[in-house]
Amino acid sequence: EELDGGLELILLAEAALWAAVDSVLETEGPGLGRSHWRAAFLLRRRPGIGVQDLSKLTSLSKQAASKTLSDLQKLGLAEKAAGDLDARRRPAVLTEAGKAFEARVSERLRALLGRAYRTGGLDGVPGARRILAALAGSRQGVGVSRREAL
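Residues numbered from 1 in each chain as written. Predicted model: local features only at pLDDT ≥ 70, side-chain atom pairs only at ≥ 80, totals over all residues. Heavy atoms only, no water.

Things to note about the overall build of the protein chain
Consideration 1: For the protein chain, the count of helices and strands is 7 helices and 2 strands.
Consideration 2: Start at the N end of the protein chain and walk to the C end: the helices and strands fall as α-α-α-α-β-β-α-α-α.
Consideration 3: Taking 15 Å as the expected radius of gyration for a compact globule of 150 residues, we find that the protein chain reaches 17 Å, a close match to that expectation.
Consideration 4: Once the C-alpha set of the protein chain is aligned to its principal axes, its extents read approximately 50 × 35 × 25 Å.
Consideration 5: The burial tally for the protein chain puts 31% of its 150 residues in the buried class. (Helix = DSSP H or I, 4+ residues; strand = E, 2+ residues; numbered from the N terminus. Rg over C-alpha atoms; globule rule 2.2 N^0.38 Å. Buried < 20%, exposed > 50% of the residue type's maximum accessible area, 1.4 Å probe, protein only.)

Structure representation (structure tokens):
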């Protein structure tokens, strides 16, 4: 019962987070969806990731991750460069417009998360982060070496 209660809360929290994302995306105009914001957020946190890393981090297919990055590039929100060793691996970074897009959406989520942390008690934040990290598992390490190298 405890585990089912935890799963239920995760699903409800996810719905609240996506509702917040969707409400901001509605103001961004056509063509930008959840996958675009997720990619922009991860590019800000892990600059230089490419299609393969984005696919691993988000569970998008490689084809969907490639389309998402291409959409961001076409909209002037991201740039892809030729890979250092393999031209097929094209690391991406956000443009200034991409950083602004990501910030507009993420600002709403930071406020939501901040309220949740205060409601739950700030002393519980480290425990909550440990639980989320355990759920994220090996995804945490994807693209991190690129971020540290920049």
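Having put the structure on the table, let's press on.
Topic: the layout of surface pockets
Consideration 1: In this structure, the largest pocket encloses a volume near 2,500 Å³.
Consideration 2: Taken together, 43 residues make up the lining of the largest pocket; nearest its centre are Leu17, Leu113, Leu132, Ala133 and Ala136.
Consideration 3: At the level of elements, α1 (2-25), α2 (34-45), α3 (51-58), α5 (96-120) and α6 (125-136) are the ones that each hand at least two residues to the lining of the largest pocket.
Consideration 4: For the lining of the largest pocket, the element with the most residues is α1, which contributes 11 residues.
Consideration 5: Tallied by class, residues from the lining of the largest pocket come to 25 nonpolar, 9 polar and 9 charged. (1 Å grid on protein atoms, 1.4 Å probe; cavity = no way out; pocket = protein on both sides within 12 Å on 5 of 7 lines; lining within 4 Å. Points joined across faces, edges and corners; volume = space filled by probe spheres on them. Nonpolar A, V, L, I, M, F, W, Y, C, P; charged D, E, K, R; others polar.)

Observations concerning α3
Consideration 1: Within the sequence span of α3, burial applies to Asp53, Leu54, Ser55, Leu57 and Thr58.
Consideration 2: In the segment just after α3, serine 59 is the residue with positive phi, at about 65 degrees.

Brief notes about unusual backbone geometry
Consideration 1: Its identity as a non-glycine residue notwithstanding, serine 59 has a phi of 65 degrees, on the positive side.
Consideration 2: Relative accessible area serves as the criterion here: at 52%, serine 59 is assigned to the exposed category.

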